[in-house]
Amino acid sequence: MGNETSYQSAMCNHFDQDEIRRLGRSFRKMDLDKSGSLSIDEFMSLPELQQNPLVSRVIDIFDTDGNGEVDFHEFIMGTSQFSVKGDEEQKLRFAFRVYDMDKDGYISNGELFHVLKMMVGNNLMDWQLQQLVDKTILVLDKDGDGRISFTEFCDVVKNMEIHKKLVVFV
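Residues numbered from 1 in each chain as written. Predicted model: local features only at pLDDT ≥ 70, side-chain atom pairs only at ≥ 80, totals over all residues. Heavy atoms only, no water.

The following threshold applies: UniProt positions are given in the numbering used here, feature names are shortened, and annotations may be inferred rather than shown by experiment.
The name given to the protein chain in an unreviewed UniProt entry is Calcineurin subunit B type 2, with the source organism recorded as Cricetulus griseus. The heading Sequence similarities (unreviewed entry) in the UniProt record of the protein chain holds the text "Belongs to the calcineurin regulatory subunit family." The UniProt entry for the protein chain carries this comment under Function (unreviewed entry): "Regulatory subunit of calcineurin, a calcium-dependent, calmodulin stimulated protein phosphatase. Confers calcium sensitivity."

### Some remarks on unusual backbone geometry
In plain terms, the rule: Numbering of helices and strands runs from the N terminus, with a helix taken as a DSSP run of H or I at least four residues long and a strand as a DSSP run of E at least two residues long.
The backbone of Lys 34 shows a phi angle near 55°, a positive value even though the residue is not glycine. Locating Lys 34 in the fold gives a position in the loop between helix H2 (17-30) and strand S1 (37-38). A positive phi angle, close to 60°, is found at Lys 103, a residue other than glycine. By secondary structure assignment, the location of Lys 103 is in the loop between helix H7 (88-99) and strand S3 (106-107).

### Some words on the nonpolar core
Burial of nonpolar side chains together is a common tendency in soluble globular proteins. How we decide: Each nonpolar core is a collection of buried residues, namely Ala, Val, Leu, Ile, Met, Phe, Trp, Tyr and Cys, held together in the definition by side-chain atoms within 4.5 Å. In this scheme, a residue with accessible area under 20% of its type's maximum is buried, one over 50% is exposed, and one in between is partly exposed, where area comes from a 1.4 Å probe on protein chains only.
In terms of nonpolar packing, the biggest core is built from 38 residues, with Phe 43, Phe 75, Tyr 99, Leu 112 and Phe 153 touching the most fellow members. Residue assignment for this core shows that the elements contributing at least two residues are H2, helix H5 (55-62), helix H6 (72-80), H7, helix H8 (109-120), helix H9 (126-140) and helix H10 (150-157). The leading source of residues in this core is H7, at six residues.

### Let's talk about the UniProt feature "domain: EF-hand" (unreviewed entry) in the protein chain
Using the residue numbers shown here, the UniProt feature "domain: EF-hand" (unreviewed entry) corresponds to residues 18-53, 57-85, 87-122 and 128-163. Helix makes up 52% of residues 57-85 and strand 7%, and the two end C-alpha atoms of the span are 23 Å apart.

### Concerning the side chain of Glu 152
As a reminder of what qualifies: Residues scored as positive are Lys and Arg, those scored as negative are Asp and Glu, and His as well as the terminal groups of each chain are ignored. Each reported salt bridge corresponds to a side-chain nitrogen of Lys or Arg within 4 Å of a carboxyl oxygen of Asp or Glu. Residues adjacent in sequence count toward polar contacts only when both atoms are side-chain atoms; beyond that, a polar contact is any pair of N or O atoms within 3.5 Å, and within protein one must be able to donate a hydrogen and the other to accept it. By definition in these notes, contact holds between two residues if any of their heavy atoms fall within 4.5 Å.
By the secondary structure assignment, Glu 152 is in helix H10. Buried and unpaired, Glu 152 has Arg 147 as its nearest opposite-charge partner, separated by 7.4 Å. One polar contact links the side chain of Glu 152 to the main-chain amide nitrogen of Lys 142, over a distance of 3.0 Å. Among the polar contacts listed, one links the side chain of Glu 152 to the backbone nitrogen of Asp 143, at a separation of 3.1 Å. Aside from chain neighbours lying at most four places away, what touches Glu 152 is Leu 140, Asp 141, Lys 142, Asp 143 and Arg 147.

### Considerations on the packing of aromatic side chains
The condition that has to hold: Between rings of Phe, Tyr and Trp, where Trp is taken as its six-membered ring, a pair exists when centres lie within 6.5 Å; planes separated by under 30 degrees are stacked, by over 60 edge-to-face, and by other angles tilted.
Under the criterion given, the structure shown has seven aromatic pairs. Seen in terms of ring centroids, Phe 62 and Phe 94 are 6.3 Å apart; in terms of plane orientation they differ by 70°. Their pairing is edge-to-face. Pair noted here: Phe 62 is in helix H5 and Phe 94 is in helix H7, with a separation of 32 residues, a long-range link. A residue is classified by how much of its surface remains accessible, and Phe 62, at 6% relative accessible area, is buried. Counting every residue linked through ring pairs, the aromatic cluster contains Phe 96, Tyr 99, Phe 150 and Phe 153.

Right under this line is the structure:
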């Protein structure tokens, strides 16, 4: 994992050295097998994440090298997006990436369906959810290309001030 004090300037400017040390302690506690990286199972060992249907999407976003686990560098970089010092656009981009599963810069009908299905589970029939997705795409898709761009996404969610809710205190 390396010397945590060396991470601040190299990794992000959203955490000071004390915050990085605290995050290092949290990371080591979650790293149950002491492998130096966190698996989905290790993330799920936290009670507050067990009930979150989108935890796998968050892990996918944190896992920038795509190896299925989150190392300390990825953990710090991912968590820094939720820092109180993080900017609004960074937080909105994170929220957008939750839905943009194929990372092509757009939210497709299928991606929106898949993520909403994770959130609603079996509380809606698939045809009901598909109707909701179709209507959402129609309303949000201002340029008529059948998908939601980051700009179109922001036009809707900026008024909700979700960036103020995407904050972690370290």
